Amino acid sequence: MPFSRLEVEFFEQLAVMDERLAAAVAAARCPHCEGPLHRSNYERKPRGGVLCGGGEGAYLRHSLCCGRRGCRRRTLPPSLRFLGRRVYLGAVVVIASAVALLQTGLREASKASGVPVRTLARWGAWWTNDFACSLTWSELRARFASPTPNESTLPLSLLDRVHSMQGRDPPLAKTMTAMARHLAAVTTTYGRTTQFVRDVFAQVVTA
Ligand SMILES: [Zn+2]
């Protein structure tokens, strides 16, 4: 699959979906005490590297804080733009890691993606060690027809599969939106994971 630059419109669409996710989490109230959840968003300035430069800039990371005295705990809604606490956009973590598996060496992958070699190596280990053992992956894997995407070549194997499911010659943005939805549950400590994200977007489609 070809990797083209993801433009600002793509990240704007993800921002709208992140707002939808945050609203749904807030409506479900505090997972610890069922108190009201208030917005306590904070600013992030994610990096986009070579292929996602259009997504750089100031972003609000949605965050919620329980309003009940004695609890006040923070709840982080799932996000399509961020993959955990990394300084790079989630799309960069996926694409640059896939490029690293396609290239002959991390140095070439670093040049192509604009992500330092050391960071690429760390992400590679995360995909095959941490992500491959995560609840998100075991739920996701069960949804694909056999043979399931190869765990030793994540996220490239997953990306190829998702890409092939988007119709004929889909734009990269379409594939990456689907990927972001699949991976959203891994970005947060919020308890109700994969099914919650699917339910929210099922509402978007029918709205
Ligand atoms: Zn609470």
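This text gives an overview of the structure that appears in the document. (Residues numbered from 1 in each chain as written. Predicted model: local features only at pLDDT ≥ 70, side-chain atom pairs only at ≥ 80, totals over all residues. Heavy atoms only, no water.)

1. Overview of the coordination of the zinc ion
And then number 1: Summarising the metal site, the zinc ion is bound by the protein donors Cys30 (SG), Cys33 (SG), Cys66 (SG) and Cys71 (SG), whose distances to it range over 2.2 to 2.3 Å.
And then number 2: Taken together, the four donor atoms surrounding the zinc ion define angles of 99 to 115° at the centre, an arrangement classified as tetrahedral.
And then number 3: All donors of the zinc ion come from a single chain, and their spacing in sequence reads C-x2-C-x32-C-x4-C. A residue pair is termed long-range when its members are at least 10 positions apart, and Cys33 in the loop between α1 (8–27) and β1 (37–39) and Cys66 in strand β4 (residues 64–66) qualify at 33 residues. (Donors = N, O, S within 2.8 Å, 3.2 Å for Na, K, Ca; no water. Tetrahedral: all angles 85-135°; square planar, octahedral: opposite > 155°, others 65-115°. Helix = DSSP H or I, 4+ residues; strand = E, 2+ residues; numbered from the N terminus.)

2. Comments concerning helix α4 (residues 117–130)
And then number 1: Taking 1.5 Å per residue, 14 residues should reach 20 Å; α4 reaches 19 Å between its end C-alpha atoms and fits that length.
And then number 2: Those residues of α4 that fall on the buried side of the exposure criterion are Thr119, Leu120, Trp123, Trp126 and Trp127. Summarising the axial view, the buried residues of α4 lie within an arc of 120°, below the 170-degree limit, and thus occupy one face. Facing away from the buried side of α4, by more than 90 degrees, are the exposed residues Arg118 and Arg122.
And then number 3: As for α4, its buried residues are in contact with α2 (90–102), α3 (106–113) and α7 (172–183). (Expected span 1.5 Å × (residues − 1). Buried < 20%, exposed > 50% of the residue type's maximum accessible area, 1.4 Å probe, protein only. Arc of directions from axis to C-beta. Contact = heavy atoms within 4.5 Å.)

3. Considering α7
And then number 1: Taking 1.5 Å per residue, 12 residues should reach 16 Å; α7 reaches 16 Å between its end C-alpha atoms and fits that length.
And then number 2: Buried residues dominate α7, accounting for nine of its 12 residues.
And then number 3: Restricting attention to buried positions, one finds in α7 the residues Leu172, Thr175, Met176, Thr177, Ala178, Met179, Ala180, His182 and Leu183.
And then number 4: Those residues of α7 that are buried lie in contact with α1, α2, α4, α5 (135–141) and α6 (156–164).

4. What about the sheet that holds β4?
And then number 1: In spatial order, the strands read β1-β4-β5; together these three strands make up an open sheet with antiparallel pairing. The sheet is open, and its two edges are formed by β1 and β5 (74–75), each paired on a single side.
And then number 2: Note that β1 and β4 share three bridges and pair antiparallel. Opposite His38, over in β4, you have Cys65 as the bridge partner. (Pairing = 2+ DSSP bridges.)

5. Here's the deal with the environment of Phe82
And then number 1: Topologically, Phe82 is positioned in the loop between β5 and α2.
And then number 2: Classification of Phe82 as buried rests on a relative accessible area of 1%.
And then number 3: The sequence separation of Phe82 and Arg44 amounts to 38 residues, and the corresponding C-alpha distance is 9.9 Å.
And then number 4: Beyond its immediate chain neighbours, meaning those up to four positions away, Phe82 contacts Arg44, Pro46, Tyr59, Arg61, Gly90 and Thr187.

6. A look at the packing of aromatic side chains
And then number 1: Scanning all chains against the criterion turns up seven aromatic pairs.
And then number 2: Arranged with centres 4.8 Å apart and planes meeting at 70°, the rings of Trp126 and Trp127 form a pair that is edge-to-face.
And then number 3: When its relative accessible area of 17% is taken as the criterion, Trp126 is described as buried.
And then number 4: Taken together, a centroid distance of 5.7 Å and an interplanar angle of 45° make the contact between Phe131 and Trp137 tilted. (Phe/Tyr/Trp six-rings, centres within 6.5 Å; stacked < 30°, edge-to-face > 60°.)

7. Quick look at the nonpolar core
Looking at soluble globular proteins, one finds that nonpolar side chains tend to be buried together.
And then number 1: Core analysis: the biggest nonpolar cluster contains 57 residues, and Leu6, Cys52, Trp127, Leu158 and Met176 have the highest contact counts within it.
And then number 2: Among the elements of the structure, α1, β4, α2, α4, α5, α6, α7 and α8 (194–206) are those that each provide at least two residues to this core.
And then number 3: Top contributing element to this core by residue count: α2, with nine residues.
And then number 4: Dropping the residues within four chain positions of it, Cys52 is found in contact with Leu6, Phe11, Leu89, Ala91, Val92 and Ile95. (Core = buried A, V, L, I, M, F, W, Y, C linked by side-chain atoms within 4.5 Å.)

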